[in-house]
Amino acid sequence: MFKLSRDDLHHKTDAELADLFNRAVRETGKASLTAAFAEAASALRLIRIELTRRGLRLG
């Protein structure tokens, strides 16, 4: 579900990035310790890095 790279995130708009962040947070909350959880958690880390690079903060 979350196949992202730093370059992918760099090209997203702020709104798209915020939406991805919220989706990743929801997925980590729903998923158990499975591949889906690991994938969502990895996406969340990449998204947070990009948000920080842009100087934006989300929950």
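Each remark here, short or long, concerns the structure printed above.
Below is a summary of the structure that appears in this document.

Here the focus is the nonpolar core. Membership of the largest hydrophobic core is limited to 9 residues, which are Leu-9, Leu-17, Leu-20, Phe-21, Ala-24, Leu-44, Leu-46, Ile-47 and Leu-51. The set of elements that each furnish at least two residues to this core consists of α2 (14–30) and α3 (35–54).

Let us now look at α3. Quick reminder: α-helices carry 3.6 residues per turn. Residues three or four places apart thus point the same way. Here α3 is 20 residues long and its end C-alpha atoms lie 29 Å apart, about the 28 Å a rise of 1.5 Å per residue gives. Taken residue by residue, α3 has Ala-40, Ala-41, Ala-43, Leu-44, Leu-46, Ile-47, Glu-50 and Leu-51 as its buried positions. One or two residues past the end of α3 sits Gly-55, with phi positive at roughly 80°.

The next point concerns the environment of Arg-54. In this structure, Arg-54 sits in helix α3. According to the relative accessible area criterion, Arg-54 is partly exposed, its value standing at 23%. On a C-alpha basis, the gap between Arg-54 and His-10 in space is 9.2 Å, while along the polypeptide they are 44 residues apart. The residues contacting Arg-54, other than those within four sequence positions of it, are Leu-9, His-10, His-11, Lys-12, Thr-13, Asp-14 and Leu-17. One polar contact links the side chain of Arg-54 to the main-chain carbonyl oxygen of His-10, over a distance of 3.2 Å. There is a polar contact of 2.6 Å between the side chain of Arg-54 and the backbone oxygen of Lys-12.

Reading the values: rules and limits
- Residues numbered from 1 in each chain as written.
- Predicted model: local features only at pLDDT ≥ 70, side-chain atom pairs only at ≥ 80, totals over all residues.
- Heavy atoms only, no water.
- Core = buried A, V, L, I, M, F, W, Y, C linked by side-chain atoms within 4.5 Å.
- Buried < 20%, exposed > 50% of the residue type's maximum accessible area, 1.4 Å probe, protein only.
- Helix = DSSP H or I, 4+ residues; strand = E, 2+ residues; numbered from the N terminus.
- Expected span 1.5 Å × (residues − 1).
- Contact = heavy atoms within 4.5 Å.
- Polar contact = N/O pair within 3.5 Å; in protein donor to acceptor, adjacent residues only side chain to side chain.

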